[in-house]
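Structural overview
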Amino acid sequence: MKKNIPLVPLILASQLLSGQVVAEDVSIAIHGGAGTLKREHMSPQQEAVYRQKLEEAVTLGHTLLKQGKSAVEAVTETIKILEDSPLFNAGRGAVYTYNGEHELDASIMDGKDRAAGAVAGVKHVKNPITLARLIMEKSDHVFLSGDGAEQFAWLHDIERASTGYFDNEQRYKQLLDVKEKLAFQQISPVHTDYKFGTVGAVARDSQGNLAAATSTGGMTAKRYGRIGDSPVIGAGNFADNQSCAVSATGHGEFFIRYNVAADICARVRYQNIDAKTAADTVINQVLKEAGGEGGVIVVDSKGAVSMPFNTSGMYRASIDTKGKLTVGIFAGE
Ligand code: ASP
């Protein structure tokens, strides 16, 4: 009698023998910002638009990972989808500075060798995440800012944003609103009653490498060249294969002071605890007690995903190692 030899183990065995790595245990998580997000403030249509965009982005990243692409490639391409959407405070949808301009920040980190690239305060770059990656891969530096960063970008043919690309009526109204509140001292200059809207992605690829990427327009009405946590390696973004990859969103000043992303990974590495426990502790205890609002997305060395936040909502989505898709906006869902 002819024996039915299962095909899959045969394929896996031949791939292993040929040195090819099998695309398994890949996972990805993304965020589109945390903040005051309540169901009653959103129409079902608005909600559906956000969910659809989050699903599109996370699915693209996951497909790349399944094709055997690197975690760095997956997070870059995923972030570009979110940067190109006016829904989020990054790239196209970046918030206005106090002077009615846009100053964008972004960072990326490769967990394999802790290579990192970051950019702050650029005004004419369409996709700041591609510039952050270029800095990581093609410069001797980690962090470039302002005019110098743009000089480096043009030298390498990074795409410019066309005139008016960042114009956005709704964001402009937000600026006027914040300025009015500032004038009447109803909020502090680092106000917190807003949807933050930064975007981020973390992934584990089929080789077991981790990566994290974060991109933002910062905070509405920011002044004096203010830079938040998003481009600060260790604060808003961090990746190390030995522990985890983290991208943050929230009130940047707190994330910088508490070195949030690196602290979560350090707890995993040195306290021998899982990434979910470490992230929960930092977000819901350390940061909360300090008065810092926001959240993080985390993927650990095995691909386990966690997405804790201490605000009423965080735009988020993930596809875990089993291929299960999760999309959420509000707390408790
Ligand atoms: N963390 C960002 C910043 O402070 C804001 C955000 O998450 O939306 O610049």
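Residues numbered from 1 in each chain as written. Predicted model: local features only at pLDDT ≥ 70, side-chain atom pairs only at ≥ 80, totals over all residues. Heavy atoms only, no water.

**A few points about the overall build of the chain**
What counts, and what does not: In this text, helices come from DSSP runs of H or I with a minimum length of four residues, and strands from runs of E with a minimum of two, each type numbered from the N-terminal end. Only protein chains enter the area calculation, which uses a 1.4 Å probe; residues under 20% of their type maximum are buried, those over 50% are exposed, and those in between are partly exposed. The criterion used for residue contact is that any of the two residues' heavy atoms lie within 4.5 Å. Here, Shrake-Rupley sampling with a 1.4 Å probe gives the accessible areas, and only protein chains in the shown set may cover a residue.
In terms of regular secondary structure, the chain is built from nine helices and 12 strands. Relative to its full complement of 333 residues, the chain shows a buried share of 54%. Contacts in the chain between residues far apart in sequence, at least 24 positions, make up 68% of those at least 6 positions apart. Surface exposure of the chain reaches about 15200 Å², of which carbon and sulfur atoms provide 50%.

**As for the site of the ligand**
Our working definition: Throughout this document, a residue counts as near a molecule or strand when at least one of its heavy atoms sits within 4 Å of that molecule or strand. Distance and chemistry together define a polar contact, namely a pair of N or O atoms within 3.5 Å, with one atom able to donate a hydrogen and the other to accept it when in protein, and with adjacent residues in sequence counting only for side-chain atoms on both sides. Ten residues, namely Ala, Val, Leu, Ile, Met, Phe, Trp, Tyr, Cys and Pro, are considered nonpolar, four, namely Asp, Glu, Lys and Arg, are considered charged, and the remaining ones, Gly among them, are considered polar.
Phe196, Gly197, Thr198, Gly218, Arg226, Gly228, Asp229, Ser230, Thr249, Gly250 and Gly252 make up every residue found near the ligand. Separating an oxygen atom of the ligand from a side-chain N or O atom of Thr249 is a distance of 2.8 Å. A distance of 2.7 Å separates a nitrogen atom of the ligand from a polar atom in the backbone of Gly250. For the ligand, whose unbound accessible area comes to 270 Å², protein coverage reaches 100%. Counted by class, the shell around the ligand contains one nonpolar, eight polar and two charged residues.

**What to know about a nonpolar patch on the surface**
Rule in force here: To count toward a patch, a residue needs a relative accessible area over 30% and no salt bridge; like charges are then connected within 9 Å, while nonpolar side chains (Val, Leu, Ile, Met, Phe, Trp, Tyr) are connected within 5 Å. For salt bridges, the criterion is a side-chain nitrogen of Lys or Arg within 4 Å of an Asp or Glu carboxyl oxygen.
On the surface, Val142, Phe143 and Ile227 cluster together into a nonpolar patch covering about 240 Å² of accessible area. Looking at the element boundaries, Ile227 is found in the loop between β6 (210–216) and β7 (237–239).

**Remarks on the sheet that holds strand β11 (residues 313–319)**
This is how the line gets drawn: Being paired, for any two strands, means DSSP has found at least two bridges between them. In this analysis, axes come from line fits to C-alpha atoms, helices being fitted only over the stretch in contact, and the angle between any two N-to-C directions falls in the range 0 to 180 degrees.
On the basis of which strands lie adjacent, the open sheet formed by eight strands has the order β4-β3-β2-β6-β5-β1-β11-β12 and mixed pairing. Edge positions in the sheet fall to β4 (143–145) and β12 (325–330), since each of these pairs with one other strand and no more. The mean inter-strand angle of the sheet, taken between neighbouring strand axes irrespective of direction, is 5°. Taken together, the six bridges between strand β5 (residues 199–204) and β6 define a ladder with antiparallel strand orientation.

**Focus: the environment of Gly225**
One can find Gly225 in the loop between β6 and β7. Judged by relative accessible area, Gly225 falls into the partly exposed class, the value being 47%. Sequence separation between Gly225 and Glu103 is 122 residues; the distance between their C-alpha atoms is 8.1 Å.

**A closer look at the environment of Val202**
Assignment of secondary structure puts Val202 in strand β5. With residues up to four places along the chain from it excluded, the contact list for Val202 reads Ser27, Ile28, Ala29, Val75, Ala211, Ala212, Ala245, Val246, Ser247, Ile297, Val298 and Val299.

**What to know about unusual backbone geometry**
Its identity is not glycine, yet Tyr224 carries a phi of approximately 55°, on the positive side. Along the chain, Tyr224 falls in the loop between β6 and β7. Take Tyr224: its relative accessible area is 76%, and that puts it in the exposed class. A positive phi angle, near 60°, is found at Asn272, a position not held by glycine. Along the polypeptide, Asn272 turns up in the loop between α8 (260–271) and α9 (275–290).

**Structural notes on the packing of aromatic side chains**
What counts, and what does not: In this analysis, rings of Phe, Tyr and Trp, with Trp reduced to its six-membered ring, are considered paired at centre separations within 6.5 Å, and the interplanar angle assigns stacked below 30 degrees, edge-to-face beyond 60, and tilted for intermediate values.
Following the criterion strictly, the structure yields five aromatic pairs and no others. When the centroid spacing of 6.0 Å and the interplanar angle of 85° are considered together, the rings of Phe88 and Tyr315 count as edge-to-face. Of this pair, Phe88 sits in the loop between α3 (71–83) and β2 (104–110) while Tyr315 sits in strand β11, placing them 227 residues apart in sequence. Neither residue differs from the other here; Phe88 and Tyr315 are each classed as buried. Ring centres of Tyr96 and Tyr172 lie 5.1 Å apart, and the angle between their planes is 75°; on these two criteria the pair is classed as edge-to-face. Of this pair, Tyr96 sits in the loop between α3 and β2 while Tyr172 sits in helix α6 (residues 169–183); the two residues are 76 residues apart in sequence, bridging distant segments of the chain.

**Describing the sheet that holds strand β10 (residues 305–306)**
The strand order β7-β8-β9-β10 describes an open sheet built from four strands, whose pairing is antiparallel. Two strands in the sheet have a free side with no partner beyond their single neighbour: β7 and β10. One ladder, built from two bridges, connects strand β9 (residues 294–300) with β10; its direction is antiparallel. In the strand pairing of β10, Val298 is matched with Ser306. Relative to strand β8 (residues 244–250), α8 is tilted by about 145°, and along the sheet it contacts β7, β8 and β9. Relative to the sheet, α9 contacts β8, β9 and β10, its axis offset from that of β9 by approximately 165°.

**What about the pairing of β8?**
Most of β8 sits inside the fold, with seven of its seven residues counted as buried. Neither face of β8 is exposed, since Cys244, Val246, Ala248 and Gly250 on one face and Ala245, Ser247 and Thr249 on the opposite face are all buried. Pairing analysis gives three bridges linking β7 to β8, with the strands arranged antiparallel. Of the residues in β8, the one forming a bridge with Ala239 is Ala245. Joining the antiparallel neighbours β7 and β8 is a turn of four residues. Sheet analysis places β8 next to β9, joined by seven bridges and oriented antiparallel. Bridge pairing links Gly250 to Gly294 in β9.

Such coordinate-based values are descriptive only and should not be taken to indicate function.
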